[in-house]
Amino acid sequence: MVDNTKLVLMVQPVGRQGLIWQAILRSQGISVIWESADVNIPSSITHLQSSGTGLPDLLLIDTRIQPINPYGICRWCRQHCPDVNVVLVNGAQESVTPVEQGWALCQGAADLLPRFRDDQMASSACERAKKILDLLGQPGLDSGALVNALIRTSKHYNPRKPVENSIAMAARRETATVSDCLVPPIP
């Protein structure tokens with residue numbers, strides 16, 4: 001039997017944005033390895049291959065992480081493992097300019113995404129999950145699992161406000177928007 005589970009190697013700061021990404025990916029049945037900021041990505045990829053795990057299907061890298069040069073990683077992947085998609089996240093910005101987007105794509109990134117905003121949490125999580133699933137060749141988004149994961153993450157992130165925090169409130173406010181995710185994929 002062939003295991004079709006996709007693997008994402010994620011290099012995100014420990015904190016809210018990383019927790020949200022992890023929750024989104026896992027809610028869709030994607031395996032996640034969350035590496036620290038000081039990871040040597042080429043070495044980690046080589047280790048995964050030699051251990052029999054194989055290449056990750058996607059790298060998800062926050063551009064703020066030092067000393068990693070995210071664009072250098074894009075170029076390295078393009079040369080050494082071109083089947084691995086690299087998605088960059090600018091965790092410091094709420095939007096990405098066309099120039100930034102173009103530069104990232106030119107360097108070999110599959111996409112450059114902005115940080116999650118509290119006032120658009122469910123819709124942006126849905127949109128980004130769809131992008132990742134598309135890059136991984138995975139069918140359809142499980143929007144119910146996504147919203148539940150966001151709510152669980154919000155409880156985990158701020159235990160003093162178990163339900164009434166920004167992620168949970170945004171997820172509840174955007175229920176109509178999330179229903180847009182239920183559209184079946186075009187074959």
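Scoring rules and cut-offs
Residues numbered from 1 in each chain as written. Predicted model: local features only at pLDDT ≥ 70, side-chain atom pairs only at ≥ 80, totals over all residues. Heavy atoms only, no water. Helix = DSSP H or I, 4+ residues; strand = E, 2+ residues; numbered from the N terminus. Buried < 20%, exposed > 50% of the residue type's maximum accessible area, 1.4 Å probe, protein only. Contact = heavy atoms within 4.5 Å. Arc of directions from axis to C-beta. Polar contact = N/O pair within 3.5 Å; in protein donor to acceptor, adjacent residues only side chain to side chain.

Caption draft 1: Examining the overall build of the chain more closely. Helix and strand content of the chain: eight helices and five strands. Each of the 187 residues in the chain was classed as buried or not, and the buried ones make up 43%. Counting only contacts in the chain whose residues sit at least 6 apart along the sequence, the fraction spanning at least 24 positions is 66%.

Caption draft 2: Inspection of the side chain of Q12 at higher detail. Looking at the secondary structure, you find Q12 in the loop between β1 (7-11) and α1 (16-27). Residue contacts for Q12: discarding those within four places in its chain leaves G18, W21, W34, E35, L60, I61, D62, I65 and V89.

Caption draft 3: Local environment of helix α2 (residues 41-50). Regarding α2, the residues found buried are I41, S44, I45 and L48. Mapping the buried residues of α2 onto a view down its axis gives an arc of 100 degrees, with all of them on the same face. Across α2 from its buried face, at more than 90 degrees, point the exposed residues H47 and S50. Those residues of α2 that are buried lie in contact with β1, β2 (31-35), β3 (58-62) and α3 (70-80). The N-cap of α2, judged by a side-chain oxygen 3.0 Å from the amide nitrogen of S43 a few residues on, is N40. Directly after α2, the chain includes G52, whose backbone phi takes a positive value near 90 degrees.

Caption draft 4: Just α3, in detail. Where α3 is concerned, the buried positions are P70, I73, C74 and C77. In an axial view of α3, the angular spread of the buried residues amounts to 105 degrees, which keeps them on one side of the axis. Here the buried face of α3 lies against α2, β3, β4 (85-90) and α4 (98-107). The N-terminus of α3 is capped by N69, whose side-chain oxygen sits 3.0 Å from the backbone nitrogen of Y71.

That's the geometry; what it means functionally is another story.
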